[in-house]
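In case you want the letters, here they are:
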Amino acid sequence: MKIEENFEKIEKVIAELESPETGLERSFELYEQGMKLLKEAEDGISRVEEKLTVLSREREGNSDGI
């Protein structure tokens, strides 16, 4: 799942959690779902950061010889 999709789903979870019509049991389910989505988003961001670090290092390595 893309990072953007995770954030969209997290926004929907938050909106439902904020609804006064959401019961306690459903709130717990939504909280759990939201935490899983947040973890997936954080993992995705970490992967992107790692790729950027690698690309930055490769670029720095290539610019030394130019």
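Scoring rules and cut-offs
Residues numbered from 1 in each chain as written. Predicted model: local features only at pLDDT ≥ 70, side-chain atom pairs only at ≥ 80, totals over all residues. Heavy atoms only, no water. Helix = DSSP H or I, 4+ residues; strand = E, 2+ residues; numbered from the N terminus. Rg over C-alpha atoms; globule rule 2.2 N^0.38 Å. Buried < 20%, exposed > 50% of the residue type's maximum accessible area, 1.4 Å probe, protein only. Areas by Shrake-Rupley, 256 points an atom, 1.4 Å probe, with all protein chains shown as cover. Lys, Arg positive; Asp, Glu negative; His and termini not counted. Charge placed at Lys NZ, Arg CZ, Asp CG, Glu CD. Expected span 1.5 Å × (residues − 1). Arc of directions from axis to C-beta. Patch = residues over 30% accessible without salt bridge, like charges linked within 9 Å, V, L, I, M, F, W, Y side chains within 5 Å. Salt bridge = Lys/Arg side-chain N within 4 Å of Asp/Glu carboxyl O.

(A) Broad picture of the overall build of the protein chain. Secondary structure assignment for the protein chain yields two helices and zero strands. In terms of overall dimensions, the protein chain is more spread out than a globule: its C-alpha atoms have a radius of gyration of 19 Å, far above the 11 Å expected for 66 residues. The C-alpha extent of the protein chain, read off along each of the three principal axes, is 65 × 15 × 15 Å. Burial statistics for the protein chain: of 66 residues in total, 15% are counted as buried. Total accessible area on the protein chain is roughly 5,700 Å²; 54% of this is exposed by carbon and sulfur atoms. If you average the places of the 10 positive and of the 18 negative side-chain charges in the protein chain, the two averages end up 5 Å apart.

(B) Local environment of helix α1 (residues 3-18). The end-to-end C-alpha distance of α1, which contains 16 residues, comes to 23 Å, matching closely the 22 Å that a straight helix rising 1.5 Å per residue would cover. Among the residues of α1, Asn6, Ile10 and Val13 are the ones counted as buried. Down the axis of α1, the buried set is contained in an arc of 60 degrees. They therefore lie on one face. Exposed positions of α1 whose direction lies more than 90 degrees from the buried face are Glu4, Glu11, Lys12 and Glu18.

(C) Structural detail: a nonpolar patch on the surface. A surface patch of nonpolar side chains, amounting to about 290 Å² of accessible area, comprises Tyr31, Met35 and Leu38. For Leu38, the position within the fold is in helix α2 (residues 24-64). A relative accessible area of 31% means that Leu38 is categorised as partly exposed.

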